[in-house]
Amino acid sequence: MKAGILFTGSGPLLILTSYDSLTHPSFVNKLAAKGITKFIGYELPLVKVKERYGTHFSVVMGDLHETDDLRVLDYDGHKAFASFSFEEMGKPVYHEPEGRVMKAA
């Protein structure tokens, strides 16, 4: 199980996933199905997430089934962002839709 914070167009989300990375194609497809096609993601130490979210973490984990591979632990972007220091976050992962062309102004 991995934990991560995703910075999306609508704000940060704290997620739990059984995928081995935040760039796994199936994980990215799951997010796209929910309307998230562009994000900056950081892995977080699972033990720290568990410490900070306590009972809520246990409830969400207890609700997971073997076929579940993505859970949102916190939709409150302000709380999720404020709960972890930059030092605790892993290296950033950038994802945007394929074929996107960026042009300089």
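In what follows, the structure referred to is the one given above.
Residues numbered from 1 in each chain as written. Predicted model: local features only at pLDDT ≥ 70, side-chain atom pairs only at ≥ 80, totals over all residues. Heavy atoms only, no water.

1. Let's talk about the sheet that holds strand β2 (residues 11-17)
A sheet is described by the order of its strands in space; here five strands give the open sequence β4-β2-β1-β3-β5, paired in antiparallel fashion. Edge strands, defined here as strands with exactly one partner in the open sheet, are β4 (70-74) and β5 (93-95). Sheet twist, expressed as the average angle between the axes of neighbouring strands with direction ignored, equals 30°. Running over the sheet, helix α1 (residues 25-33) touches β1 (2-8), β2, β3 (39-44), β4 and β5 and is turned about 60° from β4. (Pairing = 2+ DSSP bridges. Helix = DSSP H or I, 4+ residues; strand = E, 2+ residues; numbered from the N terminus. Axes fitted to C-alpha atoms, helices over the stretch in contact; angles between N-to-C directions. Contact = heavy atoms within 4.5 Å.)

2. Observations regarding the packing of aromatic side chains
Two descriptors summarise a pair of aromatic rings, namely the distance from one centre to the other and the angle between the planes of the rings. A full pass over the atoms with the stated rule returns four aromatic pairs. For the pair Phe7 and Phe81, a centre-to-centre distance of 5.4 Å together with 85° between the ring planes defines the contact as edge-to-face. Residue Phe7 is found in strand β1, and its partner Phe81 is found in helix α3 (residues 77-82); the two are separated by 74 residues along the sequence. On the basis of relative accessibility, which here comes to 36%, the residue Phe81 falls in the partly exposed class. The interplanar angle of 70° and the centroid separation of 5.8 Å between the aromatic rings of Phe81 and Phe86 together place this pair among those described as edge-to-face. An aromatic cluster is built from Phe7, Tyr42, Phe81 and Phe86, whose rings are joined through pairwise contacts. (Phe/Tyr/Trp six-rings, centres within 6.5 Å; stacked < 30°, edge-to-face > 60°. Buried < 20%, exposed > 50% of the residue type's maximum accessible area, 1.4 Å probe, protein only.)

3. Focus: helix α2 (residues 46-62)
For α2, spanning 17 residues, the distance from its first C-alpha to its last is only 15 Å, which falls clearly below the expected 24 Å at 1.5 Å a residue. Of all the residues in α2, the buried ones are Val49, Tyr53, Phe57 and Val60. (Expected span 1.5 Å × (residues − 1).)

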